[in-house]
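Results of the structural survey
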Amino acid sequence: MKVSFNWLNDYIDLKDIPLDEIVNRLTLAGLEVEEIIDQSKNFENIVVGYIKDKRKHPNADKLSVCIVTDGNNDFNVVCGASNVQVGQKVPFAKVGAIIPSEGIKLEKAKIRGEISEGMICSEKELGISDNHEGIMVLNSELKEGMPLSEALGMNDILFDIAITPNRADALSHIGIARDLSAIFDRPIKIPKVELKESNFKSDEIASVEIFDIVNCPRYVGKVIMNVKIQESPEWLKKRLKSIGLRPINNVVDVTNYVLYEIGQPLHAFDLDKLSGRKIIVKCAADGEKFITLDSKERKLTSKDLMICDAEKSVAIAGVMGGENSEVTYSTKNILIESAFFNPSSIRKTAKRLGLQTDASYRFERGTDYGITIWAARRAAQLIYEIAGGDVAKDEIDVYPNPFQTKYIGLRFDRLKKVLGYEIPEEKIKKIFVNLGFNITKHDKEKITLEIPTYRHDIEREVDLIEEAARIYGYDKIPEVEKISVTLEEKIDQSQFNDNVRNILTSLGFFEIVTNSLLKEDIANKFGNPIAVLNPQSIEMTHLRPSLIPGMLQAILNNLKVNEKNLQLFEIGKVFERKHNDQLKSFDDFYEKESLIIAITGKAIDREWYDKTRQFDFYDLKGYVQTILEKLLNSEKLITNKIFNTNDFNIGIEIKYDTKIIGRGGLIQKELLKLYDINQDVYSFIFDLDEIKSIPTTKKEFKELLKFPKVYRDFAFIVDESIEAETVIEVIKNSSSNLLHHIKLFDIFQSESLGKGKKSLAFQLEYYDESRTLTEEEVDKDFWNAIRAVEEKLKAKLRGI
Amino acid sequence: MINKISETRSIFDNDFLQISDPQSLEELRIKYLGRKGIIQQLFDEFKEIPRDEKKVVGQALNELKNYIQSRYEELKAKFEEEKSKQELLFDVTLPGRVKTIGSKHLITQTLNEIKSIFKSLGFSVYEGPEIESDYNNFEALNFPADHPARDMQDTFFINENFLLRTHTSPVQIRLMKSMKPPIRAIMPGKVYRNEVISAKSYCLFHQVEGLYVDKDVTFAELKGTLVAFLKQFFGKDVKYRFRASFFPFTDPSAELDVWWQPKGKEGRWLEVLGCGMVDPNVFINVGIDPEEYVGYAFGMGIERTAMRKYGIDDIRILFDSDIRFLSQF
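The shown structure was predicted, so the numbers you read here are calculated from the model rather than taken from an experiment.

Concerning helix H5 (residues 173–184) of chain A
Every α-helix winds through 3.6 residues per turn, so residues three or four apart in the chain are directed the same way. All names here are of chain A. When the terminal C-alpha atoms of H5 are compared, their 16 Å separation across 12 residues agrees well with the 16 Å that a helix rising 1.5 Å per residue should span. Along H5, the residues that are buried comprise His173, Ile174, Gly175, Ile176, Ala177, Arg178, Asp179, Leu180, Ser181, Ala182, Ile183 and Phe184. Two to three positions downstream of the cap, the backbone nitrogen of Gly175 sits 3.0 Å from a side-chain oxygen, assigning the N-cap of H5 to Ser172. In the segment just after H5, Asp185 is the residue with positive phi, at about 50 degrees.

Section: the sheet that holds strand S39 (residues 710–719) of chain A
Residues and elements named next belong to chain A. The strand order across the open sheet formed by four strands is S40-S41-S39-S42, and the pairing between neighbours is antiparallel. Edge positions in the open sheet fall to strand S40 (739–748) and strand S42 (796–799), since each of these has one partner strand only. For this sheet, the mean angle separating the axes of adjacent strands, direction not counted, is 35 degrees. The pairing of S39 with S42 spans three bridges and is classified as antiparallel. Its bridge partner being in S42, Phe716 is matched across the sheet by Leu797. The strands that helix H22 (residues 775–793) touches are S39, strand S41 (757–766) and S42; relative to S39, the one it contacts most, it runs at about 10 degrees.

Notes on the interface of chain A and chain B
Taken together, the contact between chain A and chain B spans 88 residues of the former and 98 residues of the latter. Each partner contributes to the roughly 7,700 Å² buried at the junction of chain A and chain B, and carbon and sulfur atoms together form 55% of this total. Among the residues of chain A in contact with chain B, A:Tyr474, A:Phe510 and A:Val513 are the three that bury the most area, contributing 9% of the side total. Where chain A meets chain B, there are seven salt bridges. Close ionic contact of B:Lys115 with A:Asp498 constitutes a salt bridge, the shortest N to O distance being 3.5 Å. Put simply, chain A and chain B have 45 residue pairs in polar contact (both at pLDDT 80 or more) between them. Counting residues per element, the side of chain A that touches chain B draws most heavily on strand S31 (residues 566–577) of chain A, at six residues.

Looking at the confidence of the model for chain B
Of all residues in chain B, 100% have pLDDT values of 70 or greater, and the mean over the chain is 92. At the level of chain-chain contacts, confidence expressed as ipTM amounts to 0.85, with global pTM at 0.84.

A word on the domain arrangement of chain B
With domains assigned, chain B is organised as domain 1 (2–88) and domain 2 (106–326). A straight line from the C-alpha centre of domain 1 of chain B to that of domain 2 of chain B covers 84 Å.

Describing a negative patch on the surface
Residues and elements named next belong to chain A. A surface patch of negative charge is lined by Asp413, Glu422, Glu425, Asp443 and Glu445. For Asp413, the location among the structural elements is in helix H12 (residues 412–419). Here Asp413 falls in the exposed class, since its relative accessible area comes to 58%.

Section: the nonpolar core
Core analysis: the largest hydrophobic core is formed by 176 residues, its most contacted members being A:Phe159, A:Ile176, A:Leu568, B:Phe118 and B:Phe298. Contact partners of B:Phe118, with chain neighbours within four places excluded, come to B:Phe123, B:Ile186, B:Thr225, B:Leu226, B:Phe229, B:Phe298 and B:Met300. Formed by 39 residues, the second largest nonpolar core is a distinct cluster that contains A:Val223, A:Ile279, A:Ala284 and A:Val319.

Examining the sheet that holds strand S28 (residues 510–511) of chain A
Residues and elements named next belong to chain A. Pairing is mixed across the open sheet formed by seven strands, whose spatial order is S28-S31-S32-S38-S37-S36-S35. Each edge of the open sheet carries a strand with a single partner, namely S28 and strand S35 (637–643). Examined bridge by bridge, strand S36 (residues 648–656) and strand S37 (residues 659–667) share eight bridges and lie antiparallel to one another. When the bridges of S37 are listed, Gly651 appears paired with Gly665.

Quick look at the side chain of B:Lys223
Secondary-structure assignment places B:Lys223 in helix H8 (residues 219–234). With no salt bridge to any partner, buried B:Lys223 finds its closest opposite charge in A:Glu479, at an N-O distance of 4.2 Å. From its side chain, B:Lys223 meets the backbone oxygen of A:Ile477 in a polar contact 2.6 Å long. Residues within four places of B:Lys223 in sequence aside, it is in contact with A:Tyr474, A:Asp475, A:Ile477, A:Glu479 and B:Phe242.

A few points about empty space enclosed by the protein
The final tally for this structure, using the stated rule, is one cavity of 30 Å³ or more. By volume, the largest cavity is sized at about 400 Å³. Considering the residues around the largest cavity, the lining is formed by 25 residues, among which A:Arg501, A:Glu593, B:Glu127, B:Gly189 and B:His206 are closest to the centre. Those elements that place two or more of their residues in the lining of the largest cavity are helix H15 (495–506) and S31 of chain A together with helix H5 (106–120) and strand S4 (183–192) of chain B.

The rules we used
Residues numbered from 1 in each chain as written. Chains lettered and ligands numbered in written order. Predicted model: local features only at pLDDT ≥ 70, side-chain atom pairs only at ≥ 80, totals over all residues. Heavy atoms only, no water. Helix = DSSP H or I, 4+ residues; strand = E, 2+ residues; numbered from the N terminus. Expected span 1.5 Å × (residues − 1). Buried < 20%, exposed > 50% of the residue type's maximum accessible area, 1.4 Å probe, protein only. Polar contact = N/O pair within 3.5 Å; in protein donor to acceptor, adjacent residues only side chain to side chain. Pairing = 2+ DSSP bridges. Axes fitted to C-alpha atoms, helices over the stretch in contact; angles between N-to-C directions. Contact = heavy atoms within 4.5 Å. Buried area = accessible area lost by both parts, 1.4 Å probe. Salt bridge = Lys/Arg side-chain N within 4 Å of Asp/Glu carboxyl O. pLDDT = per-residue confidence, 0-100. Domains from an automatic or database assignment. Patch = residues over 30% accessible without salt bridge, like charges linked within 9 Å, V, L, I, M, F, W, Y side chains within 5 Å. Areas by Shrake-Rupley, 256 points an atom, 1.4 Å probe, with all protein chains shown as cover. Lys, Arg positive; Asp, Glu negative; His and termini not counted. Charge placed at Lys NZ, Arg CZ, Asp CG, Glu CD. Core = buried A, V, L, I, M, F, W, Y, C linked by side-chain atoms within 4.5 Å. 1 Å grid on protein atoms, 1.4 Å probe; cavity = no way out; pocket = protein on both sides within 12 Å on 5 of 7 lines; lining within 4 Å. Points joined across faces, edges and corners; volume = space filled by probe spheres on them.

Put into structure tokens, the structure is as follows:
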């Protein structure tokens, strides 16, 4: 919200306090000043200019060339406005000025061959209004050369303050002044409303009836007859413009002025357009159509609170008035509405209609139901001053169930317990008095406070503690210098994933973090995805059921910048529905922690010591084995081949008992095509939740082997269809427990071996933990293995 | 004996021809000239021969010894010369066989740094789900339905019951419901906001939530703990301020700003985290007596903190997976 410093000074005298301090203390107290706008700086290098001469531009019909003087020098200026005349005083931006609406620094230019040393500005270009019909013409009595800010009286300083949703009371100048009063301990002056009233009463002219007192607990109406609607006086227009409002007419401008003065939204009806001069507050009919002030048709529901007359709706309560009862230049008699509406009702309507107004913004945060009469009278006073008319003697005030006054106690020891610090009692009392709280009781241990009607946010003792602390200053509460720590066991649920990251980075993988939201058709390829009800764009409508799409996107991003050799991983959640029904509980969907690794491009690039080699399946498998070996007891793992699945062309799936803990291989070409990836990608997905759930055996020291190991090698020629693992199984099954390790160290295929044959070479490792083996017993075992392989696999021993 | 000496000489000549490297030359020296070498053996035999033969044999033996010695020296010198020539040619400037070590994402690295600081202050680390119930994400944290406070966080909804958590604060609720105080924990994780993707905001980011509940927790301790964190993370000269603010789930609430002074630019305050004392309504919602227990909570965004620390000005680069970015950290 924009707050004018000049305006603030109507209510609190701040002129002697340095601006920095005001800004700083307001910010620290929770009214964060996000921007300070010094109006005079807006118009630097823009002065009052006098047009001495004007001639047609020789090369352009619509342009003219003027001689503008600032009193000292004459400038040649090309101007496109049709209303420019010799003898006018105009806002003249010199070379070097920054045009406020565009933020562009003005430079000397040649326009169609004519030199232009500056610019004559329109109101729009100056950021004063939307008016762009020609240049702005200034009062002819202004002296040329005078800074424009001075000429326009725009010497205000504006604060843009971010007001948190709890502080509805601070959405006005008096609201801000109240905090400043407490911060600087100086009084505020609320304007006295003294009305010159006529001798008729509001309720003799108009009537108000509330059908829905839950959503409209209070409605105040004040009648003013015979007003003269016209433009507002300069001072009023200037104030409204300074905080970014557009002046409309004197009555509407007054309602806006009071809104920004005290925070009470007001609405002025043309009384003669109200059928029966009657106001009825009730909900709309379902499907009712209504045209608001902005000339837009709105469709309403039976939950929307409306202001109606005897026949029709005339305003959407608390949100926006209707075109049918609008105050126009022909209006004579008006009814000022000053009401309190239920915040939640206004919020629902405003949200549903997508219509946020200054009024709805305040009503939905909770306005001051205690100020409605004052606000109506204040408006009447100002209208009377600037629009004349006869002001009714009183107000119609329909307030059937007055709100109860709130009283809350504040215990000094509780304040100390929460803050860890004592604020002097006198200080506390002063803070609350300045904020407008009445101290109704006071003893040694506590004070009892009457909560002002504008402080809906103060509901409990702790809210009072916060008030005292924020005004006193958080900076005055000391920081403890030591803390005590309990000795119970500390838990770190993120440690497992960190471990995984350590393994992967040491293997050369780079971690990525990708978007969990995917396009629908992509998400559907990987499972039964969960949709987002209100997506940001069609590219991000569903939660990822797999980490593959994110990985492929990451690879694509790198290929685009010619980075082709990649080793990447991501740890993240994947999401999937268990069924297609409505998701009602956490059991209706999966949210699982997943790990994906991917390799693509060259495993070894050109090197002086090595040959180029592409990543292949066995690189992937090797990484998977290494990772699993580090994470769990990998002896119990079962590996199965997978072929032509949705995501993998060929690969493996790894089980622990019956549970699949991971799967991967060569990514399907069709998927790669979706991402324009033209190189093979090998990828593996681990189900981290499953892996975490596998009980880990405690590590125990194993005695180091004291006796020598004995090695034997052999090579067999077998049918090419026989898999390595089959041969290993036969060797294992035919050997004694002296055999501890089998290593396949060579595969060889050639015509010389016979068609459809291959040679597999193994190294066998024998030892015993308690003695040295003899050559004879090793040979016996070794030959048993050879015979078994020969018999069971129809293998031919090629060499030993 | 004379025969044996000349035989030895021809065997030596034969052996000598096989020598191709310094190591086998050394073996040859030991074989012939070593303390138990062939020459020594011949000298031992020489002691036993008749006196009259000694002159002739002795001369022959000495000749053999000198011969072997000089051939050895000759070749040794040659090898040494070759070696020094090779050493001269050995190109140490050839690139080494470099191995790549990967890296954790900058977000992870920053998170780990934050985690280790808070772990050293006695905090545990807990995690929670990204799809949350509306209750845990809002209601239990004292965001009433239809309250403008909900506008503070643009939300991705799944349906009326579920949403993508907008902050890590619901993990507070899960913890307080499942364990008894004292609770001192941080809760890192991914959160979502329904915002247009730009240099300043992304549809998801990471937060670390902190919570401490016990009988004697104070705002002064919250301040002290967070300042200790700031000093470790940003350096001990960090300039900071606690500013009053509003969060539905804390009361009093504050934001912690850090003074940011980019080189050659105007300095400004930047918000680092939000914090405050746990609101009594939150305690009531999780069944903790707000009169008996007090607590503090805080939450900070990882991306913004990392961007500040490393001078990154576009958040999107964190999610682009560009290896040229990843390999910088």
